[in-house]
Structure formats: structure tokens, C-alpha cells
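So the chains spell out like this:
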Amino acid sequence: MKALRPLLAALCFSLLSLAASAEDMPVFKLEIKDGIFKPARLVVPAGKKFKVEVMNTGKTPAEFESTPLRKEKVLGPGAESFLVFQPLSPGEYKFFDEFHMKTGQGVIVAK
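Residues numbered from 1 in each chain as written. Predicted model: local features only at pLDDT ≥ 70, side-chain atom pairs only at ≥ 80, totals over all residues. Heavy atoms only, no water.

- Under an unreviewed UniProt entry, the name given to the chain is Periplasmic lipoprotein involved in iron transport, and the organism recorded is Chromobacterium sphagni.
- According to UniProt, the comment filed for the chain under the heading Subcellular location (unreviewed entry) is "Cell outer membrane". (UniProt positions renumbered as here; feature names shortened; annotations may be inferred.)

Dropping the structure here:
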């Protein structure tokens, strides 16, 4: 049992480090409802990894897609998911809902 203590201590330290990293990552919520993003403009910290929780509260399929960020997530009505983004350089990054091209437009602004 004594031989396992250092291993258990190292494992606990690793898990605490992972939990601390996850807590440090900012989380942003994005709602898609019948082709409208709410909010349509997400301001995120530049140079920092972040997470976007996406919820489709509409009655039709919806999609978060960003060509410059190489991200895509399709959600059925009532579905929820998330996307994790690596640190971005300052700037604006457009995203859209391919199912609702006329109304489903948004931007992530990294500052």
C-alpha cells in the first residue's frame, strides 16, 4: 500500500491540474433559434483557449459553421453541444448557419 501512495498523489495532482485548466477556460453561450444567433456577436479573449456552448432552441435543424475557424456543428431541434477553440489572434471571425443563410450570420471578435 505504501508503494501506491506516490502514484496516487501524482494522479490526484494531475486531476487537480486538469480541473484548474478547465475552470480557467472561458465559456460563452450561443443560442440558435430558427436561423437567428443570440448573441450574433461573441467577444472572446485573444490568445486564450475558450469554449462555446451552442443550443438550438428552434424548431428546425441549425448549424454553427465558420470557414476561417474550421469549425462546424449541426444541431437538431432542441439539441445542445459545444465547441472548443484554440487561442485566436486578435480579429474578427465570421460564422453562419448554412440552413438559414439569409438570417443566420454572426461573428466572433477576439480582443
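### Focus: unusual backbone geometry
Then step 1. A cis amide bond, omega -5 degrees, links Lys38 with the succeeding residue Pro39.
Then step 2. Looking at where Pro39 falls in the secondary structure, it is placed in the loop between strand S2 (36-38) and strand S3 (41-44).
Then step 3. Unusually for a residue other than glycine, Asp34 sits at a positive phi of about 50 degrees.
Then step 4. Asp34 sits in the partly exposed class, given a relative accessible area of 38%.
Then step 5. Here the phi dihedral of Arg70 falls at roughly 55 degrees; this positive angle occurs in a residue that is not glycine.
Then step 6. Counting through the fold element by element, Arg70 comes out in the loop between strand S5 (62-66) and strand S6 (71-75).
Then step 7. For Arg70, a relative accessible area of 77% corresponds to the exposed category. (Helix = DSSP H or I, 4+ residues; strand = E, 2+ residues; numbered from the N terminus. Buried < 20%, exposed > 50% of the residue type's maximum accessible area, 1.4 Å probe, protein only.)

### A look at the packing of aromatic side chains
Then step 1. Under the defined criterion, the tally for this structure stands at 5 aromatic pairs.
Then step 2. When the centroid spacing of 4.8 Å and the interplanar angle of 5 degrees are considered together, the rings of Phe50 and Phe85 count as stacked. In this pair, Phe50 is assigned in strand S4 (residues 50-56) and Phe85 in strand S7 (residues 80-85), connecting sequence segments 35 residues apart.
Then step 3. The buried category is assigned to Phe85, whose relative accessible area is 2%.
Then step 4. Each member of the aromatic cluster is reached from another via a ring pair, and the members are Phe28, Phe37, Phe50, Phe64, Phe85 and Phe95.
Then step 5. Here Lys51 stacks its cationic end above the ring of Phe82, 4.5 Å away from the centre of that ring.
Then step 6. The ring centre of Phe85 lies 5.3 Å from the NZ or CZ of Lys71, which sits over that ring. (Phe/Tyr/Trp six-rings, centres within 6.5 Å; stacked < 30°, edge-to-face > 60°. Lys NZ or Arg CZ within 6 Å of the ring centre and 35° of its normal.)

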